Amino acid sequence: MIALILSVIVVLVLGGCACVWWAARGGPRWARAVAVVTLAAAELVSAATRTGRKSGSGSGPDSDD
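Everything in this summary refers to the structure shown in the same document.

Parameters and conventions
- Residues numbered from 1 in each chain as written.
- Predicted model: local features only at pLDDT ≥ 70, side-chain atom pairs only at ≥ 80, totals over all residues.
- Heavy atoms only, no water.
- Helix = DSSP H or I, 4+ residues; strand = E, 2+ residues; numbered from the N terminus.
- Buried < 20%, exposed > 50% of the residue type's maximum accessible area, 1.4 Å probe, protein only.
- Areas by Shrake-Rupley, 256 points an atom, 1.4 Å probe, with all protein chains shown as cover.
- Phe/Tyr/Trp six-rings, centres within 6.5 Å; stacked < 30°, edge-to-face > 60°.
- Expected span 1.5 Å × (residues − 1).
- Patch = residues over 30% accessible without salt bridge, like charges linked within 9 Å, V, L, I, M, F, W, Y side chains within 5 Å.
- Salt bridge = Lys/Arg side-chain N within 4 Å of Asp/Glu carboxyl O.
- Disulfide = S-S within 2.5 Å.

Let's talk about the overall build of the protein
Helix and strand content of the protein: two helices and zero strands. Going through the 65 residues of the protein one by one, you find that 9% of them count as buried. For the protein, the accessible surface area stands at approximately 5400 Å², while carbon and sulfur atoms represent 70% of it.

Here's what the structure looks like:
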């Protein structure tokens, strides 16, 4: 069951990436809409990852340790 869910997620991610690539080359309106949604989702994931890293232990290259 988990493999099925992960497979669906991978297919959706690959489809979104294909739409971003296609929209950048002047694809149809629906591909541009999917590309916008894909890029917005990527921004949300990126912001969540940055927030998670800021609350870490502070042992990274920018820390004062």
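Points about the packing of aromatic side chains
Taken as a whole and assessed by the stated rule, the structure comprises one aromatic pair. Seen from their ring centres, tryptophan 22 and tryptophan 30 are 5.4 Å apart, and the 85° between their planes marks the pair as edge-to-face.

A short note on helix H1 (residues 2-24)
Counted at 1.5 Å a residue, the expected span for H1 with its 23 residues is 33 Å, and the 33 Å between its end C-alpha atoms agrees. Of the residues making up H1, those classed as buried are Gly16, Cys19 and Ala23. Backbone geometry just after H1 places glycine 26 at a positive phi near 85°.

Points about a nonpolar patch on the surface
Taken together, Met1, Ile2, Leu4, Ile5, Leu6, Val8, Ile9, Leu12 and Val13 make up a surface patch of nonpolar side chains, about 950 Å² in accessible area. Tracing the backbone shows isoleucine 5 in helix H1. A relative accessible area of 44% means that isoleucine 5 is categorised as partly exposed.

Re the environment of valine 13
Tracing the backbone shows valine 13 in helix H1. Exposure remark for valine 13: the relative accessible area of 47% places this residue in the partly exposed category. Through-space distance from the C-alpha of valine 13 to that of threonine 38 is 8.0 Å; in sequence the pair is 25 residues apart.

A few points about the state of the cysteines
This structure, assessed with the given rule, holds zero disulfides. The closest cysteine sulfur to the non-disulfide-bonded cysteine 17 is located on cysteine 19, 9.5 Å from its own sulfur.

Such coordinate-based values are descriptive only and should not be taken to indicate function.
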